[in-house]
Amino acid sequence: MPRYELALILKAMQRPETSAALRRTVESLMQRGAVVRDLENLGERLLPYAITKHNQKHSRGAYFLIDFYSATNILSGLLDHLHRDVDVVRPTVLKKDDQVSSSNCCGPQQ
Amino acid sequence: MLAFRGLKRIHSVLLQHGNTTYKTIPAGSLTVTSHVVQHKDDTKLLKMENPYKEPQTGCLLCNVTVDFKNTQLLSQFVSPHTGRTYGRHITGLCGRKQKEVSKAIKKAHSMGFMSVTHKHPQFMKDPNICGIKHLD
């Protein structure tokens, strides 16, 4: 069961640089003892608003989603590391809950 | 003595004739079942399920998972002019789903998935599910 989800927005770069940045991120995750379950590419798109990071204004970004299992104590260190990475525009770690079952939802149950 | 016995007999006769509603209660028990029996007979016809009951309809997002990644769905509950989230009286969602949608929209805003001040132009042509008509 995925415990956490990292929604990563990387700078719009060429393919080898993007892959290098991803590799760095996943390696830092594994170094801290996390088990990476899934890596999804949500495509490169225009950011919804201009994001300024590392003294640079970004208008385009590459969106990635990384599911991983990990201990709870590594997250603050991981976020710190990601904020310092120049290629990362916005990292966000979310807890992943799969219990959004629609029992007791209003309305008829099939 | 004789009078006593006579009284007893009269008493027993009176009991038998007068109190027909009460069953002959055996010596030990003191149940009051007779009342219930009578009431059941009276109310047998009145108890019935409402024949005019309409099937219970759920809100729009019943059985639909709401996610911060699904910005197209979330944008349907957002104003196209200002990007503000619509209230419950406009969306028509139930309490739980409205909360989920508003939380997902806020998450998407902070994570850089959805715009705050406007609606994505790609989603402007989506069908209008909220009960609001814009003077366009």
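The structure under discussion appears in the preceding block.
Remember, it's a predicted structure, so these values are computed and weren't measured experimentally. (Residues numbered from 1 in each chain as written. Chains lettered and ligands numbered in written order. Predicted model: local features only at pLDDT ≥ 70, side-chain atom pairs only at ≥ 80, totals over all residues. Heavy atoms only, no water.)

A.B. asks: Explain the overall build of chain B residue by residue, including any values.
C.D. replies: Secondary structure summary: chain B contains 5 helices and 0 strands in total. In chain B, the order of α-helices and β-strands from amino to carboxyl end is α-α-α-α-α. Counting the 136 residues in chain B, one finds 26% classified as buried. A sequence separation of at least 24 residues applies to 67% of the contacts in chain B between residues at least 6 apart. A total accessible area of about 11000 Å² is found for chain B, and carbon and sulfur atoms account for 58% of it. (Helix = DSSP H or I, 4+ residues; strand = E, 2+ residues; numbered from the N terminus. Buried < 20%, exposed > 50% of the residue type's maximum accessible area, 1.4 Å probe, protein only. Contact = heavy atoms within 4.5 Å. Areas by Shrake-Rupley, 256 points an atom, 1.4 Å probe, with all protein chains shown as cover.)

A.B. asks: Break down the side chain of A:Lys53 for me, citing the residues and quoting the values.
C.D. replies: Along the polypeptide, A:Lys53 turns up in strand S2 (residues 35-53). Once you skip the residues sitting within four places of it in the chain, A:Lys53 turns out to touch A:His58, A:His83, A:Val88 and A:Val89.

A.B. asks: Can you lay out the layout of surface pockets for me, pointing to particular residues and giving the numbers?
C.D. replies: Of the volumes computed, that of the second largest pocket is approximately 310 Å³. If you go around the second largest pocket, you meet 17 residues; those closest to its centre are A:Leu46, A:Leu47, A:Pro48, B:Phe113 and B:His120. By residue number, the principal contributor to the lining of the second largest pocket is S2(A), which donates 4 residues. Its residues assigned to classes, the lining of the second largest pocket comprises 9 nonpolar, 6 polar and 2 charged. (1 Å grid on protein atoms, 1.4 Å probe; cavity = no way out; pocket = protein on both sides within 12 Å on 5 of 7 lines; lining within 4 Å. Points joined across faces, edges and corners; volume = space filled by probe spheres on them. Nonpolar A, V, L, I, M, F, W, Y, C, P; charged D, E, K, R; others polar.)

A.B. asks: An account of unusual backbone geometry is requested, with residue identities and associated values reported.
C.D. replies: All names here are of chain A. One non-glycine residue, His54, adopts positive backbone phi at about 55°. Position of His54 relative to the elements: it lies in the loop between S2 and strand S3 (56-69). In this structure His54 comes out as partly exposed when scored by relative accessible area, which is 30%. A positive phi angle is found at Asn55, which is not glycine, with a value near 60°. By the element assignment, Asn55 lies in the loop between S2 and S3. Under the relative-accessibility criterion, Asn55 is labelled exposed at 82%.

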